[in-house]
Amino acid sequence: MRAALLTTPANRGAVRPSVARLVLTASAVVAAGLASIPLVYLLVRVLGAEPDAVLTALMRPRTLELAANTVGLTVAVAAACLVLGTATAWVLSQARLPGRRVWTVVSTLPLAVPSYVAAFGWVALSPVRGFWGAFLVLTVCNVPLVTLPALAALRMANPSHEDVARTLGRSRARAFLETTWPQIRPATLAGVLLVALYVLSDFGAVALMRFEVFTWAVHSAYTSQFDRTLAAALSTVLAAMGIALVWAERRLRGRESEQGSAVTARAARTPVALGRWTWAAPVVLSVAPVAAVVVPMATLLRYFTGRADTATTVGAADLASDALSTVTLSAGGAAVALALALPIGLLAARFRSHLSQVLESASYIGLALPGIVVGLSLVFFSLAVVPALYQSVWMLAFAYGVLFLPKAVGAVRASVGQVEPGLEDVARTLGSTRAGVWTRVTARIAWPGIGAAVLLVALTAMKELPATLLLRPTGTDTLATSLWRLTESAAYGAAAPYALVLVAVAAGPALLLTREAVATVRERRESA
Amino acid sequence: MAIARTLAAVCTSVLVLAGCAQGETSDPSATAGSDASASSDGTLTLYSGREEDLVQPLIDQFTADTGIEVEVRYAGTTELAALLQEEGAASPADVFLSQDAGALGAVAKADLFATLPESITTAVDPGFTSTDGSWVGVTGRARVLTYDSEALDAADVPASVLDLTDPEWNGKVGIAPTNASFQSFVTALRVLEGEDVAREWLEGMVENDVQLYPKNTAILEAVQAGEIELGLINHYYWYRALAELGEDGMRAQLSFPAAGDAGSIVNVTGAGLLDGAADDADALAFLEYLVSEDGQQYFVDATYEYPLAPGIDAPEGLPALADLTNSELDLSDLDTLGDTTALLTEVGLL
């Protein structure tokens with residue numbers, strides 16, 4: 001009897017999680033399957049082609065050159081974002097900095113600028129082109145993807161180790177690298193991965209900068225050869241590069257080490273006085289905002305104010321209706337991304353296994369592929385499986401979800417991973433139901449991070465163009481498609497307001513993201 | 001948790017709004033053409049690879065004249081050709097309006113077009129349309145040189161593009177090798193001067209540090225900015241920039257290569273009827289309208305392109321189409337695009 005009393009709770013505990021785990025695993029498999037539609041499509045195209053044609057396409061010397069350009073640009077941008085993003089986050093969180101809040105907001109703003117708009121601004125204004133042009137634009141537009149997670153991690157990091165290292169005579173840089181960096185590495189590298197995948201798939205900025213990478217070749221396969229097979233064959237190389245990046249990031253990331261830090265008691269942190277380096281802080285913090293926001297906006301305003309009187313007029317009503325459809329569709333995309341990311345991220349955080357890692361990796365592929373390929377793959381999927389939804393807002397929102405899922409998966413995994421299982425156990429012993437634990441403890445602690453991910457997906461979806469053009473309902477315009485339409489006909493003056501409104505609309509989620517970063521810390525402190 | 005409530009509210013409104021938006025657009029599977037017996041339901045779906053700003057006024061005019069509603073899907077010509085291939089027989093499109101003959105050829109090759117009635121195909125000059133009735137030419141676009149008027153006088157501009165391999169132009173010339181019009185020009189070069197001359201010219205251009213751009217407008221902007229001195233583009237881009245920037249804003253100027261030069265060929269834009277809409281009277285009415293006097297005059301006035309139907313005058317200030325027409329070149333010989341892209345790939349331009 002006594003033995004039975006003792007074993008019952010243990011049995012219940014053993015049975016329930018396995019059911020939960022089964023349901024979770026099944027949902028994650030479905031979600032990852034949906035996220036793999038682009039890859040399946042590529043395989044269908046490539047396997048359906050003559051092997052000789054595919055081999056000839058891939059084996060030409062040009063492929064190697066393009067691959068080298070792609071890898072070079074990706075590595076360079078990722079490294080630059082790592083350094084600049086970490087430095088920005090460090091200054092924002094650790095240094096004595098007047099106007100810290102304003103600077104935090106300012107450093108997030110580059111996220112609101114589409115890379116093709118930034119590239120356009122630089123091309124119109126300066127002679128910078130080719131590798132350095134693409135490097136500059138892609139770096140400054142993507143830095144916040146590293147800054148934000150690094151900032152959140154730095155605020156969570158335990159500074160006492162670094163203090164100890166300093167008292168033991170380590171230089172500040174070395175103490176940081178040896179004690180704080182390992183704590184923020186997983187979050188920071190997850191950001192770097194998003195940057196690298198974006199660089200692989202970007203076409204707008206590299207085309208304007210005339211730097212020939214793989215997406216250029218994919219695009220040219222459609223443009224000049226009308227050859228979907230060649231385009232698919234070339235895209236599989238991009239997918240392979242994306243998978244390699246995901247794998248490399250996982251190796252570098254190591255185990256998530258921040259688990260449990262939410263409840264670590266911390267000493268009040270004294271901001272670091274920068275001394276004779278005080279001038280450097282605003283410089284570091286201004287690089288990305290000036291290059292990604294100020295320069296392109298100034299160029300656009302110049303076009304807007306300098307344009308001759310022409311027939312191309314801009315109606316406020318058109319702008320407003322485009323802005324509304326942009327916000328609506330991107331919010332829908334964010335909701336889809338969240339729905340797909342929750343099972344995958346939860347499984348990865350709570351039931352880490354070989355399968356959970358494969359599912360997580362599969363969810364990243366969409367981000368490595370050019371938008372036109374993902375768009376066509378969903379045309380293929382939609383017509384084959386749900387023809388009634390073809391060219392509907394639902395399919396477009398679904399496309400955004402698949403494209404930008406990686407931005408949500410990592411955040412769900414990291415946010416849930418931060419909730420110490422011990423905390424849940426305590427709540428259980430205090431009489432909470434399993435559902436109660438989830439809503440009162442786990443979700444509450446993880447929510448700010450997940451909310452930030454949802455904002456990030458919405459923000460990115462607002463700027464998406466190639467897949468939008470293919471999948472939008474006939475006759476529906478977004479700010480990005482209107483911007484495209486006007487720049488196609490060289491009506492830059494008329495295009496400027498659309499670009500400005502797009503940046504303004506996208507700045508909304510960007511600002512919420514910074515608020516979120518602050519709220520994260522406050523809530524964690526309270527819960528601690 | 002405020003953020004949670006906000007997000008929940010946003011998601012709810014998303015679904016409501018999305019539902020509304022969905023209600024406004026017609027069900028694509030119900031468009032004309034899917035029902036073979038129905039000849040007219042007063043509406044058609046158009047895939048337009050030509051820009052909205054240029055085409056929409058013409059469509060509004062068509063709707064006003066005929067009462068037929070047109071649902072237009074705008075995207076790049078290339079993207080739409082890829083989309084049509086992907087959609088196959090399930091395409092909601094009735095008509096495809098294309099920037100260039102190459103894309104129409106690709107769609108025709110995939111057996112997606114219905115053969116057009118003769119009343120439409122014979123409305124335009126036979127030199128500027130398909131030979132098998134799979135699509136019809138709508139307007140003509142001349143290849144020209146644009147030059148930086150601050151660096152060059154009109155007289156300095158070479159009369160033949162073949163001269164551009166001269167070291168004098170090292171690093172100063174811009175081309176758009178992925179652009180369909182440029183590729184048609186290279187095909188014309190191959191047909192007119194032979195494979196060897198075409199290859200030598202391309203290799204010469206590469207050695208001469210030719211500058212590569214993604215499209216015509218980028219070349220024109222580069223000339224406007226003084227970044228390059230010469231660029232190979234289509235004539236109307238310059239006229240559109242003129243309309244946007246005014247006479248004083250045009251640092252770039254136009255030069256027409258000598259008649260007979262491969263650099264002065266005329267490309268066409270055109271339209272085709274999707275197989276599923278073969279019996280759709282609305283779609284046929286639209287195609288007829290494109291090559292009618294009203295349609296052709298619209299393109300002359302609004303886009304500065306050459307009309308292809310006889311009896312309509314070309315835009316002012318342009319050399320006559322007949323002067324640019326190369327008697328030695330049959331446009332139907334320009335269908336060897338595959339060989340051109342192979343050549344461009346070989347010399348490292350694609």
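Every value quoted in this text rests on a predicted model; they were computed, and no experiment measured them. (Residues numbered from 1 in each chain as written. Chains lettered and ligands numbered in written order. Predicted model: local features only at pLDDT ≥ 70, side-chain atom pairs only at ≥ 80, totals over all residues. Heavy atoms only, no water.)

Re the overall build of chain A
When helices and strands are counted, chain A shows 23 helices and zero strands. In chain A, which comprises 528 residues, the share counted as buried stands at 59%. Summarising the internal contacts of chain A: among those between residues at least 6 apart in sequence, 82% fall at separations of at least 24. When the accessible area of chain A is evaluated, it comes to approximately 20,700 Å², of which 68% is carbon and sulfur surface. (Helix = DSSP H or I, 4+ residues; strand = E, 2+ residues; numbered from the N terminus. Buried < 20%, exposed > 50% of the residue type's maximum accessible area, 1.4 Å probe, protein only. Contact = heavy atoms within 4.5 Å. Areas by Shrake-Rupley, 256 points an atom, 1.4 Å probe, with all protein chains shown as cover.)

Concerning the overall build of chain B
If you tally the helices and strands in chain B, you get 13 helices and eleven strands. A total of 350 residues make up chain B; the buried ones form 58% of that total. For chain B, contacts bridging at least 24 residues in sequence account for 75% of all contacts bridging at least 6. Carbon and sulfur atoms form 49% of the exposed surface of chain B, whose accessible area is close to 13,200 Å².

A short note on the domain arrangement of chain B
All names here are of chain B. Per the domain assignment, the segments making up chain B are domain 1 (39-140 + 267-317) and domain 2 (142-266 + 329-346). Inter-centroid distance (C-alpha atoms) of domain 1 to domain 2 is 27 Å. Contacts between the two partners involve 16 residues from domain 1 and, on the opposite side, 15 residues from domain 2. For the domain 1 face of the interface with domain 2, the top three residues by lost area are Asn267, Tyr304 and Tyr306, together amounting to 47%. Counting the contacts that link domain 1 with domain 2 gives one salt bridge. Measuring nitrogen to oxygen at the nearest pair gives 3.1 Å for the salt bridge that ties Arg240 to Glu51. (Domains from an automatic or database assignment. Buried area = accessible area lost by both parts, 1.4 Å probe. Salt bridge = Lys/Arg side-chain N within 4 Å of Asp/Glu carboxyl O.)

Description of the packing of aromatic side chains
Summed over the entire model, instances satisfying the criterion amount to 15 aromatic pairs over all chains. With 5.4 Å between their ring centres and 85° between their planes, Phe185(B) and Trp201(B) make a pair best called edge-to-face. With Phe185(B) in helix H6 (residues 180-193) and Trp201(B) in helix H7 (residues 195-207), this residue pair connects regions lying 16 residues apart in the sequence. On the basis of relative accessibility, which here comes to 0%, the residue Phe185(B) falls in the buried class. Taking relative accessible area as the criterion, Trp201(B) reaches 4% and is therefore assigned buried. Members of the aromatic cluster, connected to one another through ring pairs, are Phe131(A), Trp132(A), Phe135(A) and Phe211(A). (Phe/Tyr/Trp six-rings, centres within 6.5 Å; stacked < 30°, edge-to-face > 60°.)

Section: the packing of helix H4 (residues 61-94) of chain A against helix H5 (residues 100-108) of chain A
All names here are of chain A. At their nearest, the axes of H4 and H5 sit 10 Å apart, and the two run at 160° to each other. As the angle between them shows, H4 and H5 are arranged roughly antiparallel. Viewed along their axes, H4 and H5 form a crossing whose handedness is left-handed. Contact with H4, carried on its side by Thr88, Val91, Leu92, Ser93 and Gln94, involves Arg100, Trp103, Thr104 and Ser107 of H5 and no other residues of that element. Residue composition of the contact of H4 with H5, grouped by class: three nonpolar, five polar and one charged. (Axes fitted to C-alpha atoms, helices over the stretch in contact; angles between N-to-C directions. Parallel < 35°, antiparallel > 145°, perpendicular 65-115°, else oblique. Left-handed = near helix turned anticlockwise from the far one by under 90°. Nonpolar A, V, L, I, M, F, W, Y, C, P; charged D, E, K, R; others polar.)

Focus: the confidence of the model for chain B
Scored by pLDDT, chain B comes out at a mean of 84, with 86% of its residues at no less than 70. In the predicted structure, residues 6-38 of chain B sits below a pLDDT of 50 and forms 40 contacts with residues beyond four places in sequence or in another chain. (pLDDT = per-residue confidence, 0-100.)

Re a nonpolar patch on the surface
A cluster of nonpolar side chains, namely Trp277(A), Trp279(A), Val283(A) and Val287(A), defines an oily patch on the protein surface of about 430 Å² accessible area. We classify Val287(A) as partly exposed; its relative accessible area is 37%. (Patch = residues over 30% accessible without salt bridge, like charges linked within 9 Å, V, L, I, M, F, W, Y side chains within 5 Å.)

A closer look at the confidence of the model for chain A
Residues and elements named next belong to chain A. Taken as a whole, chain A shows an average pLDDT of 84; of its residues, 89% reach a score of 70 or greater. Mean pLDDT values for the elements of chain A range from 68 in helix H1 (residues 2-35) up to 93 in H4. In the model, residues 257-265 has pLDDT below 50 throughout and makes 19 contacts with residues more than four positions away in sequence or in other chains. Every residue in residues 520-528 scores below 50 in pLDDT, and together they form 13 contacts with partners more than four places removed in sequence or on other chains.

Describing the nonpolar core
Formed by 233 residues in total, the largest nonpolar core has its most connected members in Leu73(A), Leu46(B), Val95(B), Phe96(B), Leu273(B), Leu287(B) and Leu290(B). Looking at this core, you find at least three residues from each of domain 1 (39-140 + 267-317) and domain 2 (142-266 + 329-346) of chain B. Excluding its chain neighbours within four sequence positions, the residues that come into contact with Leu287(B) are Val95(B), Leu116(B), Ile120(B), Val136(B), Ala271(B), Gly272(B) and Leu273(B). Judged by nonpolar contacts, the second largest core, of 31 residues, contains Tyr147(B), Val173(B), Trp201(B) and Leu230(B). (Core = buried A, V, L, I, M, F, W, Y, C linked by side-chain atoms within 4.5 Å.)

Focus on the state of the cysteines
All names here are of chain A. Per the counting criterion, the structure on display carries zero disulfides over all chains. Looking at Cys81, it has no disulfide partner, and the nearest cysteine sulfur is the one in Cys141, 9.4 Å off. Judged by relative accessible area, Cys81 falls into the buried class, the value being 0%. A residue is classified by how much of its surface remains accessible, and Cys141, at 4% relative accessible area, is buried. (Disulfide = S-S within 2.5 Å.)

Let's talk about the side chain of Ser363(A)
Residues and elements named next belong to chain A. Secondary-structure assignment places Ser363 in the loop between helix H15 (354-362) and helix H16 (365-368). Taking relative accessible area as the criterion, Ser363 reaches 0% and is therefore assigned buried. Setting aside anything within four residues of it in sequence, one finds Ser363 in contact with Ala35, Ile344, Leu405, Pro406 and Val409.

Here we look at the environment of Gly371(A)
Residue and element names in this part refer to chain A. Considering the arrangement of structural elements, one finds Gly371 in helix H17 (residues 371-385). A C-alpha to C-alpha distance of 5.1 Å links Gly371 and Pro466, two positions 95 residues apart in sequence. Excluding its chain neighbours within four sequence positions, the residues that come into contact with Gly371 are Glu464, Pro466 and Ala467.

As for the packing of helix H8 (residues 160-167) of chain A against helix H9 (residues 172-201) of chain A
Axis angle and axis distance: for two packed helices, these are the angle between their axes and the distance between the axes, and together they describe the pair. Residues and elements named next belong to chain A. Closest axis-to-axis distance for the H8/H9 pair is 9 Å, and the angle between their directions is 155°. As judged from the angle between their axes, H8 and H9 are roughly antiparallel. The two elements H8 and H9 meet at a crossing, and its hand is right-handed. Touching His161, Glu162, Ala165 and Arg166 of H8 are Arg172, Ala175, Phe176, Thr179, Thr180 and Gln183, all from H9. Within the contact of H8 with H9, the residues separate by chemical class into three nonpolar, four polar and three charged.

With respect to unusual backbone geometry
Residue and element names in this part refer to chain B. The backbone of Asp209 sits at a positive phi, close to 55°, despite the residue not being glycine. Mapped onto the fold, Asp209 is located in the loop between H7 and strand S7 (211-212). With a phi angle near 60°, Tyr304 is a residue other than glycine that sits in the positive phi range. Positionally, Tyr304 belongs in the loop between helix H11 (293-303) and strand S11 (306-307). Residue classification places Tyr304 among the partly exposed positions, given a relative accessible area of 24%.

Points about the pattern of salt bridges
Overall, the coordinates contain 17 salt bridges over all chains when judged by the stated rule. Measuring nitrogen to oxygen at the nearest pair gives 2.9 Å for the salt bridge that ties Arg141(B) to Glu305(B). With a gap of 164 residues between them, Arg141(B) in strand S5 (residues 136-148) and Glu305(B) in the loop between H11 and S11 connect regions that are remote in the sequence. Here the two residues Arg141(B) and Glu305(B) agree in accessibility, since each one is buried. Among the charged side chains, a network of salt bridges with common partners joins Arg45(A), Arg228(A) and Glu86(B).

Some points on H11(B)
Of the positions making up H11(B), those classed as buried are Gly295(B), Gln296(B), Tyr298(B), Phe299(B), Val300(B) and Thr303(B). Check the buried side of H11(B) and you find it contacts helix H2 (52-66), S5, helix H9 (235-245), helix H10 (281-290) and S11 of chain B.

Topic: the side chain of Thr139(B)
Residue and element names in this part refer to chain B. Examined against the element boundaries, Thr139 turns out to sit in strand S5. There is a polar contact of 2.6 Å between the side chain of Thr139 and the side chain of Thr269. Within the local environment of Thr139, its side chain forms a polar contact with the side chain of Glu305, the two groups lying 2.7 Å apart. Apart from residues lying up to four places away in sequence, Thr139 is in contact with Arg50, Asn267, Val268, Thr269, Phe299, Glu305, Tyr306 and Leu308. (Polar contact = N/O pair within 3.5 Å; in protein donor to acceptor, adjacent residues only side chain to side chain.)

Looking at helix H11 (residues 214-223) of chain A
Taken across its ten residues, H11(A) has nine buried, putting it largely inside the fold. If you check which residues of H11(A) are buried, you get Phe214(A), Thr215(A), Trp216(A), Ala217(A), Val218(A), Ser220(A), Ala221(A), Tyr222(A) and Thr223(A). Buried residues belonging to H11(A) abut H4, H9, helix H10 (204-209), helix H12 (228-253) and H17 of chain A together with helix H3 (77-87) of chain B.

Focus: a negative patch on the surface
A cluster of acidic residues, Asp153(B), Asp156(B), Asp163(B), Asp166(B) and Glu168(B), forms a negative patch on the protein surface. Along the polypeptide, Asp166(B) turns up in the loop between S5 and strand S6 (173-175). (Lys, Arg positive; Asp, Glu negative; His and termini not counted. Charge placed at Lys NZ, Arg CZ, Asp CG, Glu CD.)

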